[in-house]
Structures are given as C-alpha cells and as structure tokens.
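Chain by chain, the residues:
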Amino acid sequence: RPPPRGPAGLTPDADIGHRRAYRARMDVDVVVERVIPVARERVAEFAGDPSNAPRWYANIRSVAWRTEPPVAIGSRMDFEARFLGRPLAYTYEVTELVAGERMVMRTADGPFPMETTYTWETAPGGTLMRLRNRGTPSGFARVAAPVMARAMRSAMTKDLDLLSRLLVDGDARP
C-alpha cells in the first residue's frame, strides 16, 4: 500500500523536507566586501562605532544609544532607517566584539529579525572589510525576500563605497 500523499503530492516525510528546504531558500544572507585603502585599525574604529552608521549607510537615518558608549558586548542602540521606501525602527544588540577584527549585532524585533556582521582584515592595499546581513523575514517580507536580498546587496555595496570615500578623503572624523 503506498504511503499517503500531502498537498504537494509528496509523502509526509518528503513534504516536511520540501517545506524546510523552501523556508531555507527564503532566508536572506547577503555578504559584500571591499578593500579600503586605509589601515585596519582606522576602518574598524570608524565603522565599528554605531554612532557613525548614518554617515556611511545611506538608509540609516539615526542611531540612539540605549546603553552608554563606547561599543561593547551587550551595547544596545535604536536605529531608524528607510528600506525599499518604508520606514524601519529596530534595536540592535552587540553580541560579539573582537576589537579591530569583528563585530556582530542582532535584532529580534520587527518584521525582519537581522544579524549584521562586520569583519576587518589587513589586506594588500589596506583593509578588507566584509559586511554581512542575514535574517529570516516574516509576513510580506518573506514573500519579497529575493527582491530584498538584491536591494540589500546593492545598498550594502554603495555603503562600503561611501565608507571608503569618507575614510580616504579624511571626512571620517569623530
């Protein structure tokens, strides 16, 4: 006797696997990188200070500290941004910090819980900075995940370009 079939015409075990694979494909995980012709310590100091985010992220309008600066594990900041024409407000918490090498911030609120990771490595010609944003959108954002990923990649690439220009031109003063 053949096993019963689910709505997708799959056996129950295969149907569960199919749904998991579909959900996994809908997660957003975008990484961009750029060599910035400035010393790693300077890039990490400026980019790793959340107060500077509105200066080099085109979509971030403001950052307000919930905890006292400087940045440390457990630091919390409220961000206000616009993305795909919509206002966003969320709170990031720093969950990992290795000075001059890596910073991870996470948010669990809003329609798109995110994790943002910055890494900095000394590279020929300056500093290789990687910017990674990943998360699992819900609601309408889940349906729009592929479009969001493309828009995020474009915005993140422009953000690293702006960061590089600020640092190279000397406009990245505190």
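Residues numbered from 1 in each chain as written. Predicted model: local features only at pLDDT ≥ 70, side-chain atom pairs only at ≥ 80, totals over all residues. Heavy atoms only, no water.

### Things to note about the pairing of strand β4 (residues 86–98)
Phase 1: Pairing of strand β3 (residues 76–83) with β4, which is carried by 8 bridges, proceeds in the antiparallel orientation. From the neighbouring strand, F79 faces β4, where its bridge partner is Y90.
Phase 2: In sequence, β3 turns back onto β4 through a hairpin of 2 residues, with L84 there showing a positive phi of about 55°.
Phase 3: Bridging between β4 and strand β5 (residues 102–107) involves 5 bridges; their strand directions are antiparallel. (Pairing = 2+ DSSP bridges. Helix = DSSP H or I, 4+ residues; strand = E, 2+ residues; numbered from the N terminus.)

### Here we look at unusual backbone geometry
Phase 1: Cis geometry marks the peptide bond from P69 to P70, where omega comes out at 5°.
Phase 2: Along the chain, P70 falls in the loop between β2 (60–65) and β3.

### Overview of helix α5 (residues 145–169)
Phase 1: In a regular helix each residue adds 1.5 Å, so 25 residues correspond to 36 Å; α5 covers 35 Å between its end C-alpha atoms and thus fits that length.
Phase 2: A positive phi of about 80° marks G170, the residue just after α5. (Expected span 1.5 Å × (residues − 1).)

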